[in-house]
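Observations on the three-dimensional arrangement
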Amino acid sequence: MSTAHLTINLHALTHNWRSLDAKTDVETGAVVKADAYGLGAEPVAWALAEEGVRKFFVAVAEEGATVREAVGPGPLVAVFSGHMEGDADLLRQHNLTPLINSPQQFKRHREALPDHRFGIQLDSGMNRLGLEPADWAELRHEALALDPLVVMSHLACGDEPEHPMNRQQLDTFKQMTDGVKVPRSLAATGGTLMGSEFHFDFCRPGIGLYGGMPFAGAKPVVTVDLPVVQVRDVAVGETVGYGNSWTARRPSKIATVAAGYADGLHRAIGGGIDAFAGDQPCPVVGRISMDLITVDVTDLPYEPDRLRILNGHQTVDDLAEAAGTIGYEILTSLGSRFSRGYVE
């Protein structure tokens, strides 16, 4: 095999969903946007639907069409971007629920699909998507009379449970939805972990399903195996990779593996991470290049034919910390060149 292989453990994924669901007394949905965080929307959504999930959330209508194909006609498939220009056919054909973000979207939806159900997204302080309080005050009576399926908002600092913004947004959301009889939601993964006050009628975790923080109890969902292209001897004083950034201090064996920043293993990761032969860590040395990574395998008693860079020992958040980013970006960047397999 000449390309890296990504394995998605759907059993671990559904375990993570059950674990998060057990932390609430309300319904738990699932965010499957960005091709289920890069792991494949169809198999991921199908596995979650089989587990009992009945509310799915995507970023745009095109993603919703894929998820609808996977989960069948029953579950809610809601679109965070709402009703964009040109979305009417997709929304109608795939029974997608746009989350209305503005008066303009509300008008567009009422004119294009007057009998099509919708949801409402409110801005409780993040200033990204959703109806502003003044716009909601004007539209509230008319919108609620049309029986929306959900009313929701999103926390800006949900991964920082002590941040005062969480309480501020909770209070704002309560004020904006006081007396609303429609199912309400504020919590993604972070809010789910912050307790029942943030749960309202349903939660909608995303990153926690896929093994990422802030859900510290998540099982790892993804492993990535990198094929070894070549193993070479490097003498003391010789350098490895672009910029001569690593110099051998002992006679070394360096394995070059087939993956790089073109596959989402960002150049900024550099040193400080390992690749694994079984449970044995082997340090990544030199710079990550477009298609290749170099690994010091001197301490292995054999020459490996593959090394694993994501596993239960080294997570997406470990790679993210080394790169100065977040686990979300690592997951969603994992490259299209990887071959993929699923474990159920």
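Residues numbered from 1 in each chain as written. Predicted model: local features only at pLDDT ≥ 70, side-chain atom pairs only at ≥ 80, totals over all residues. Heavy atoms only, no water.

1. Let's talk about the overall build of the protein
Within the protein, the regular secondary structure consists of eleven helices and 19 strands. Scored against the burial criterion, the 344 residues of the protein give a buried share of 53%. Residue pairs in contact within the protein that sit at least 24 positions apart in sequence constitute 63% of those at least 6 positions apart. Accessible area for the protein stands at about 15,300 Å²; split by element, carbon and sulfur atoms hold 48% of it. Here the protein contributes 29 positively and 44 negatively charged side chains, and the mean placements of these two sets differ by 1 Å. (Helix = DSSP H or I, 4+ residues; strand = E, 2+ residues; numbered from the N terminus. Buried < 20%, exposed > 50% of the residue type's maximum accessible area, 1.4 Å probe, protein only. Contact = heavy atoms within 4.5 Å. Areas by Shrake-Rupley, 256 points an atom, 1.4 Å probe, with all protein chains shown as cover. Lys, Arg positive; Asp, Glu negative; His and termini not counted. Charge placed at Lys NZ, Arg CZ, Asp CG, Glu CD.)

2. Digging into the packing of aromatic side chains
Inspection of every chain in the model, using the stated rule, returns six aromatic pairs. Relative to Tyr-328, the ring of Tyr-37 lies with its centre 6.1 Å away and its plane at 35°, an arrangement referred to as tilted. Here Tyr-37, found in helix H2 (residues 33-38), pairs with Tyr-328, found in helix H11 (residues 327-333); they are 291 residues apart in sequence, far enough to count as distant. Seen in terms of ring centroids, Phe-57 and Phe-202 are 6.0 Å apart; in terms of plane orientation they differ by 15°. Their pairing is stacked. Of the two residues, Phe-57 is situated in strand S4 (residues 55-58) and Phe-202 in strand S10 (residues 202-203); the sequence distance between them amounts to 145 residues. Accessibility classification places Phe-57 together with Phe-202 in one group, the buried group. Taken together, the ring pairs in this structure connect Tyr-37, Tyr-210 and Tyr-328 into an aromatic cluster. (Phe/Tyr/Trp six-rings, centres within 6.5 Å; stacked < 30°, edge-to-face > 60°.)

3. Re the pattern of salt bridges
Tallied over the entire structure, the rule returns 15 salt bridges. Lys-107 is the salt-bridge partner of Glu-111, the closest N and O atoms lying 2.8 Å from each other. One end of the pair, Glu-111, and the other, Lys-107, are both in helix H6 (residues 103-112), four residues apart, so they sit about a helical turn from each other. In this structure Glu-111 comes out as exposed when scored by relative accessible area, which is 57%. Across the salt bridge formed by Asp-299 and Arg-250, the nearest N and O atoms sit 3.0 Å from each other. With Asp-299 in the loop between strand S17 (292-296) and strand S18 (306-310) and Arg-250 in the loop between strand S13 (246-247) and strand S14 (252-258), the pair connects residues that are 49 residues apart, well separated along the chain. A single salt-bridge network, built from bridges that share partners, covers Arg-167, Lys-174 and Glu-197. (Salt bridge = Lys/Arg side-chain N within 4 Å of Asp/Glu carboxyl O.)

4. A word on the side chain of Asn-166
The topology assignment puts Asn-166 in helix H8 (residues 164-177). Discounting chain neighbours no more than four positions away, the residues touching Asn-166 are Leu-155, Cys-157, Gly-158, Glu-160, Pro-161, Met-194 and Phe-198.

5. Overview of the state of the cysteines
In a disulfide, the sulfur atoms of two cysteines are covalently bonded to one another. In total, this model carries zero disulfides according to the counting rule given. Here Cys-203 stays unpaired: no disulfide links it, and the sulfur of Cys-157, its closest cysteine neighbor, is 18 Å away. Overall, the relative accessible area of 0% leaves Cys-203 in the buried class. (Disulfide = S-S within 2.5 Å.)

6. Let's talk about the sheet that holds strand S8 (residues 151-152)
Reading across from one edge, S3-S4-S5-S6-S7-S8-S9 is the order of the seven strands in this open sheet, with parallel pairing throughout. Of all strands in the sheet, those bounded by a partner on one side alone are strand S3 (30-31) and strand S9 (184-185). (Pairing = 2+ DSSP bridges.)

7. Focus on the packing of helix H1 (residues 10-21) against helix H3 (residues 41-51)
One way to put it is that H1 packs onto H3 with a least axis distance of 10 Å and a crossing angle of 50°. Taken together, the axis directions place H1 and H3 in an arrangement best described as oblique. Taken as a pair, H1 and H3 cross one another with a handedness that is right-handed. Here H1 contributes Leu-10, Leu-13, Thr-14, Trp-17 and Arg-18 to the contact with H3, which in turn contributes Pro-43, Val-44, Ala-47, Leu-48 and Glu-51. Grouping the amino acids of the contact of H1 with H3 by side-chain chemistry returns seven nonpolar, one polar and two charged. (Axes fitted to C-alpha atoms, helices over the stretch in contact; angles between N-to-C directions. Parallel < 35°, antiparallel > 145°, perpendicular 65-115°, else oblique. Left-handed = near helix turned anticlockwise from the far one by under 90°. Nonpolar A, V, L, I, M, F, W, Y, C, P; charged D, E, K, R; others polar.)

8. Notes on the layout of surface pockets
The computed volume of the largest pocket comes to approximately 710 Å³. For the lining of the largest pocket, the secondary-structure elements that each account for two or more residues are H2, helix H9 (189-193) and H11. Lining the second largest pocket are 16 residues; nearest its centre among them are Arg-232, Val-240, Gly-241, Thr-256 and Thr-294. Of all the secondary-structure elements, those providing two or more residues to the lining of the second largest pocket are strand S11 (222-234), strand S12 (239-240), S14 and S17. Looking at the lining of the second largest pocket element by element, the count peaks at five residues for S11. (1 Å grid on protein atoms, 1.4 Å probe; cavity = no way out; pocket = protein on both sides within 12 Å on 5 of 7 lines; lining within 4 Å. Points joined across faces, edges and corners; volume = space filled by probe spheres on them.)

9. Thoughts on empty space enclosed by the protein
Throughout the structure, instances matching the rule amount to two cavities of 30 Å³ or more. If you add up the space inside the largest cavity, you get close to 60 Å³. Tallied by class, residues from the lining of the largest cavity come to three nonpolar, four polar and two charged. Looking at the second largest cavity, its volume works out to about 50 Å³. In terms of lining, the second largest cavity is formed by Tyr-210, Gly-211, Pro-220, Val-221, Val-222, Leu-310, Asn-311, Thr-315 and Val-316. Tallied by class, residues from the lining of the second largest cavity come to six nonpolar, three polar and no charged.

10. A look at the nonpolar core
The tendency in soluble globular proteins is for nonpolar side chains to be buried side by side. Ranked by internal contacts, the top residues of the largest apolar core, which has 77 residues, are Leu-48, Phe-56 and Tyr-210. Here this core gets six residues from one element, more than from any other, and that element is H3. Those residues within four positions of Phe-56 in sequence are excluded, and the remaining contacts are Ala-30, Val-32, Ala-45, Leu-48, Ala-49, Val-67, Val-71, Pro-75, Leu-76, Val-77 and Ala-78. By size, the runner-up hydrophobic cluster in this structure holds 20 residues, among which are Leu-131, Ala-143, Leu-155 and Phe-200. (Core = buried A, V, L, I, M, F, W, Y, C linked by side-chain atoms within 4.5 Å.)

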